[in-house]
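These are the residues of each chain, in order.
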Amino acid sequence: MPVYFMDNLNKNIKQACQAIKDADALFITAGAGMGVDSGLPDFRGNAGFWKAYPPIAKLGKSFSEMADPVWFDKQPEVAWAFYGHRLNLYRETIPHEGFSKLLDLGRRKPYGYFVFTSNVDGQFQRAGFDDALIEECHGSIHHLQCNGPCSSDIWAIGEEKVNVDMETFRATGELPKCKNCGRLARPNILMFGDWNWISHRTSEQGARLQKWLEKLNSFNAKLAIIEMGAGLAVPTVRYKSQRTGRNLNSTLIRINPRDYHVGQGGIGLPLGAREGINRILC
């Protein structure tokens, strides 16, 4: 790595450390890259997606094609193979130590922390973050809704299991059912081309986040934004980080091994999530 690049990186790390030390509150924003260091698959591009799901490679389907609610109507066993395998994987995954370090830091800030994530994996809750201080903008795989839907109800999947035959890529046995009408249930996740996603759980989370941000603004509290693993393909998290940074005149620290570029006043670090967290929490 060129010397000039290393000098800039070290300078940016020092600036990030200082911004975090000076902050009264912490806004943690995260995309899919946050979970890679915990061993979760990198779905970036078809190559990464197909490596995680060889049976789908044989079908030649992309992530966006598989993450389409139409499969729950056409081939529910295939739909629940895709989401059931992910559910099982997330349940077994232990969040890397970067999660606990951020949690400890956020708890020590006078105005606390809030999390905004596009991840549906529930890893922040698994790491001990308060569920009331998280907005999951694309929903959660750990919650269900009716595939119809017959109502606007959302409920936790709890310990319900989904068995998946990875050779045939089909869910086997009984599939999750709606608690009201008994028909097929689906994850409460915003999918591609999804007109039936029930959004009130996420909307309520967003209202709590907005209230927290308004509180910070009213008390003129200093906010540091730490964004990790948020790419350009679905830039929801990046937009949220940038908009919040502008509205509250806050420092945005963007940690991303590839898409680390950030606007004026921000700090870009070309690092993975876990390494980035370890280096800025000094």
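All figures in this text were calculated on a predicted structure; none of them were measured in a lab.

Colleague: So what exactly am I meant to see when it comes to helix α11 (residues 273-280) here?
Modeller: Side chains that are three or four residues apart share a direction in an α-helix, a result of its 3.6 residues per turn. Listing the buried residues of α11 in full gives Ala273, Gly276, Ile277 and Ile280. Along the long axis of α11, the arc covered by the buried residues comes to 100 degrees, so they all point the same way.

Colleague: Is there a simple way to think about the pattern of salt bridges in this case?
Modeller: Opposite charge on two side chains permits pairing when their charged atoms draw close. Summed over the entire model, instances satisfying the criterion amount to eight salt bridges. Salt-bridge contacts for Glu97 lead to Arg274; the nearest nitrogen and oxygen are separated by 4.0 Å. Note that Glu97 is positioned in helix α7 (residues 97-108) and Arg274 in helix α11, a separation of 177 residues in sequence. Asp194 is paired through a salt bridge with Arg186; the nearest N and O atoms lie 2.7 Å apart. Judged by its relative accessible area of 0%, Arg186 is buried. Connected through shared salt-bridge partners, Asp131, Glu136 and Arg201 make up one network.

Colleague: Would you mind showing me how to read the packing of aromatic side chains here?
Modeller: Within a pair of aromatic rings, the relevant descriptors are the distance that separates the centres and the angle that separates the planes. Considering all chains together, one arrives at 13 aromatic pairs under this definition. Both rings, one in Tyr53 and one in Phe82, keep their centres 5.7 Å apart while their planes meet at 65 degrees; by these two values the pair is edge-to-face. Within this pair, whereas Tyr53 is found in the loop between α2 (45-52) and α3 (54-59), its partner Phe82 is found in helix α6 (residues 76-92), the two being separated by 29 residues in sequence. Its relative accessible area of 0% is what places Tyr53 among the buried residues.

Colleague: Help me understand unusual backbone geometry in this model?
Modeller: Among all residues except glycine, the phi angle is most often negative; among peptide bonds, the trans geometry is most common. Cis geometry is adopted by the peptide bond preceding Pro149, which originates at Gly148 and carries an omega value of -5 degrees. Unusually for a residue other than glycine, Phe169 sits at a positive phi of about 50 degrees. One non-glycine residue with positive phi stands out, namely Asn249, at about 50 degrees. With respect to the helices, strands and loops of the structure, Asn249 is situated in the loop between α10 (236-247) and β10 (251-255).

Colleague: What is the right way to read the sheet that holds strand β5 (residues 155-156) from this model?
Modeller: What links the strands of a sheet is backbone hydrogen bonding, and the strands pair in either a parallel or an antiparallel sense. Overall, antiparallel pairing links the three strands, which are arranged β5-β4-β8 in an open sheet. Each end of this open sheet is capped by a strand with a single partner; those strands are β5 and β8 (185-189). With respect to the sheet, α6 is in contact with β4 (139-146) and β8, its orientation differing from that of β4 by roughly 135 degrees.

Colleague: Help me understand the packing of α7 against α11 in this model?
Modeller: For any two helices packed against each other, one specifies the crossing angle of their axes together with the interaxial distance. Between α7 and α11, the shortest axis-to-axis distance is 9 Å and the interhelical angle comes to 40 degrees. α7 and α11 meet at a crossing whose hand is left-handed. Where α7 approaches α11, its residues Glu97, Gly98, Lys101 and Leu102 are matched on the opposing element by Arg274, Ile277 and Asn278. Residue composition of the contact of α7 with α11, grouped by class: two nonpolar, two polar and three charged.

Colleague: How should the environment of Asp42 be read in this particular structure?
Modeller: Along the chain, the position of Asp42 falls in the loop between β1 (25-30) and α2. Under the relative-accessibility criterion, Asp42 is labelled partly exposed at 35%. Through-space distance from the C-alpha of Asp42 to that of Trp197 is 25 Å; in sequence the pair is 155 residues apart. Ignoring sequence-local partners within four residues, the contact set of Asp42 consists of Val36, Gly48, Phe49 and Arg258.

Colleague: Explain the side chain of Lys109 here, please?
Modeller: Looking at the secondary structure, you find Lys109 in the loop between α7 and β2 (113-117). Among the polar contacts made by the side chain of Lys109, one reaches the main-chain carbonyl oxygen of Ala23 at a distance of 3.0 Å. Lys109 has contacts with Ile20, Lys21, Ala23, Asp24 and Ala25, leaving out every residue within four places of it along the chain.

Colleague: Whenever I open this one, the pairing of β10 confuses me. Can you help?
Modeller: Remember that side chains alternate between the two faces of the sheet whenever the strand is regular. Among the five residues that make up β10, four are buried, leaving the element largely enclosed by the rest of the structure. Bridge analysis of strand β9 (residues 223-228) against β10 gives five bridges, and the strand direction is parallel. Pairing of Glu227 across the sheet is with Arg254, part of β10. Pairing geometry for β10 and strand β11 (residues 267-269), over three bridges, is parallel. Considered in β11, the bridge of Arg254 is made with Gly268.

Colleague: Honestly, the pairing of β4 in this entry has me stumped. Any pointers?
Modeller: Within β4, seven of the eight residues are buried, which leaves it mostly tucked inside the rest of the structure. Bridging between β4 and β8 involves five bridges; their strand directions are antiparallel. Across the sheet, residue Gly139 finds its bridge partner in β8, namely Ile189. Strand direction decides the pairing type here: β4 and β5, joined by two bridges, are antiparallel. If you follow His143 over to β5, its bridge partner there is Ala156.

Quick notes on the rules
Residues numbered from 1 in each chain as written. Predicted model: local features only at pLDDT ≥ 70, side-chain atom pairs only at ≥ 80, totals over all residues. Heavy atoms only, no water. Buried < 20%, exposed > 50% of the residue type's maximum accessible area, 1.4 Å probe, protein only. Helix = DSSP H or I, 4+ residues; strand = E, 2+ residues; numbered from the N terminus. Arc of directions from axis to C-beta. Salt bridge = Lys/Arg side-chain N within 4 Å of Asp/Glu carboxyl O. Phe/Tyr/Trp six-rings, centres within 6.5 Å; stacked < 30°, edge-to-face > 60°. Pairing = 2+ DSSP bridges. Contact = heavy atoms within 4.5 Å. Axes fitted to C-alpha atoms, helices over the stretch in contact; angles between N-to-C directions. Left-handed = near helix turned anticlockwise from the far one by under 90°. Nonpolar A, V, L, I, M, F, W, Y, C, P; charged D, E, K, R; others polar. Polar contact = N/O pair within 3.5 Å; in protein donor to acceptor, adjacent residues only side chain to side chain.

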